[in-house]
Amino acid sequence: MNNDELWMHRALELAMLAEKIGEVPVGAVLVLDNQIIGEGWNHPIQAHDPSAHAEILALRQGAKHIKNYRLVNATLYVTLEPCAMCAGAMVHARIQRLVFGAPDPKTGAAGGVLNLLQEPRLNHQVRCEGGLLSLECGELLREFFRKRRQ
């Protein structure tokens with residue numbers, strides 16, 4: 001197993017924590033110099049906070065950890081393609097790379113609906129790789145929503 005898969009498996013574990021509390025199962029891991037500096041899982045419903053997405057929480061934790069809002073050279077691993085809010089935060093944080101699992105054809109902002117991460121008019125572009133463990137990430141989401149519909 002390579003490091004990308006290792007970190008994505010950790011993001012999947014975090015997504016399962018979100019699922020256990022009734023939130024959409026998305027997990028995120030922020031890595032710098034081969035060490036986790038931030039983690040997060042979705043909990044906007046419980047937190048009464050529309051910004052409490054896994055990615056935002058991981059970015060916040062990572063910035064506090066290194067005492068800098070610029071997360072240069074960091075890689076964010078997330079189980080679902082980020083939305084526009086999260087993609088915008090990644091650009092502002094200047095992360096180097098995003099690796100995501102399942103695509104999001106409805107709100108994805110890393111190439112799904114739009115691509116904020118590589119928008120040439122912005123002052124920073126994020127390298128983006130999608131599809132890592134996409135079957136596992138996608139199945140977790142599909143099963144969650146199937147259960148909710150029942």
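Refer to the structure presented above.
About the cut-offs
Residues numbered from 1 in each chain as written. Predicted model: local features only at pLDDT ≥ 70, side-chain atom pairs only at ≥ 80, totals over all residues. Heavy atoms only, no water. Axes fitted to C-alpha atoms, helices over the stretch in contact; angles between N-to-C directions. Helix = DSSP H or I, 4+ residues; strand = E, 2+ residues; numbered from the N terminus. Parallel < 35°, antiparallel > 145°, perpendicular 65-115°, else oblique. Left-handed = near helix turned anticlockwise from the far one by under 90°. Contact = heavy atoms within 4.5 Å. Nonpolar A, V, L, I, M, F, W, Y, C, P; charged D, E, K, R; others polar. Buried < 20%, exposed > 50% of the residue type's maximum accessible area, 1.4 Å probe, protein only. Pairing = 2+ DSSP bridges. Right-handed = clockwise from strand over helix to strand, strands pointing away. Expected span 1.5 Å × (residues − 1). Arc of directions from axis to C-beta. Polar contact = N/O pair within 3.5 Å; in protein donor to acceptor, adjacent residues only side chain to side chain.

Draft legend 1. Inspection of the packing of helix α3 (residues 54-66) against helix α4 (residues 84-93) at higher detail. Running from N to C, α3 and α4 point in directions that differ by 20°, and their axes come no closer than 9 Å. Comparing their axes, α4 and α3 come out roughly parallel. In terms of crossing hand, the pair formed by α3 and α4 is left-handed. The segment α3 lies against α4, with E55, I56 and L59 engaging M85, C86, A89, M90 and A93. When grouped by side-chain class, the residues that make up the contact of α3 with α4 number seven nonpolar, no polar and one charged.

Draft legend 2. Geometry of the pairing of strand β4 (residues 97-102). Within β4, six of the six residues are buried, which leaves the element mostly enclosed by the surrounding structure. Two strands pair when backbone bridges link them, and strand β3 (residues 75-80) and β4 are joined in this way by five bridges, in the parallel orientation. If you follow Y77 over to β4, its bridge partner there is V99. Remark: the β3/α4/β4 crossover connection has right-handed handedness. As judged from the four bridges shared by β4 and strand β5 (residues 127-130), these two strands associate in the parallel manner. The residue bridging V99 from the neighbouring strand is E129, located in β5.

Draft legend 3. Quick peek at helix α1 (residues 3-20). The end-to-end C-alpha separation of α1 is 26 Å, in line with the 26 Å expected for 18 residues at 1.5 Å each. Inspection of α1 places D4, W7, M8, A11, L12, L14, A15 and A18 among the buried residues, and these make up the whole buried set. Buried residues along α1 cover an arc of 165° about the axis, so they all sit on one side. Packed against the buried residues of α1 are β1 (27-32), β2 (35-41), β3, β4, β5 and α5 (134-149). Where α1 begins, one side-chain oxygen reaches toward the backbone nitrogen of D4, 3.0 Å away; that side chain belongs to N2. Phi for G22, located one or two positions after α1, is positive at around 85°.

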